[in-house]
Amino acid sequence: MANYSASTFSPKKGNKYFFDTNIWYFIHGVYGSDDEISKKKSNKYSKLYKKILIEKCLIYTCVEQINELAHSISRWYLKNFNAERKKNDKKYIDIKEFKK
């Protein structure tokens, strides 16, 4: 399997792709908001994703990947939610309470 650079790669119409879950994190901004390196990666992968969509390429995924992504995004939002609660002197809530 070949390795490509996300910043220079040019998808071709009809190609098929499968992104690692970590790439989806960057595309959706889960990893892209904490530091400058993560912001750059998020921007790079989001641009690649847009190029792939423009070329109408297929992107494969699976149920396990979607579950993993949804769980991680929920945890990321909970972390940020609790950070805001801490600023207002409110107690932390756990993931079960957060999902209600």
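Refer to the preceding data block for the structure.
Residues numbered from 1 in each chain as written. Predicted model: local features only at pLDDT ≥ 70, side-chain atom pairs only at ≥ 80, totals over all residues. Heavy atoms only, no water.

## Here we look at helix H3 (residues 63–87)
In this model, H3 (25 residues) spans 36 Å end to end at C-alpha, consistent with the 36 Å of a helix rising 1.5 Å per residue. All of the buried residues along H3 are Gln65, Leu69, Trp76, Leu78 and Asn82. Contacts made by the buried residues of H3 are with strand E1 (16–18), helix H1 (21–27), strand E2 (58–60) and helix H4 (95–98). After H3 finishes, the residue Asp89 shows a positive phi value of roughly 55°. (Helix = DSSP H or I, 4+ residues; strand = E, 2+ residues; numbered from the N terminus. Expected span 1.5 Å × (residues − 1). Buried < 20%, exposed > 50% of the residue type's maximum accessible area, 1.4 Å probe, protein only. Contact = heavy atoms within 4.5 Å.)

## Concerning the layout of surface pockets
In this structure, the largest pocket spans a volume of roughly 490 Å³. The wall of the largest pocket is formed by 17 residues, among which Ala2, Tyr4, Tyr17, Phe18 and Phe19 lie closest to the centre. Elements represented by at least two residues in the lining of the largest pocket include exactly E1 and helix H2 (36–54). Top contributing element to the lining of the largest pocket by residue count: H2, with 4 residues. (1 Å grid on protein atoms, 1.4 Å probe; cavity = no way out; pocket = protein on both sides within 12 Å on 5 of 7 lines; lining within 4 Å. Points joined across faces, edges and corners; volume = space filled by probe spheres on them.)

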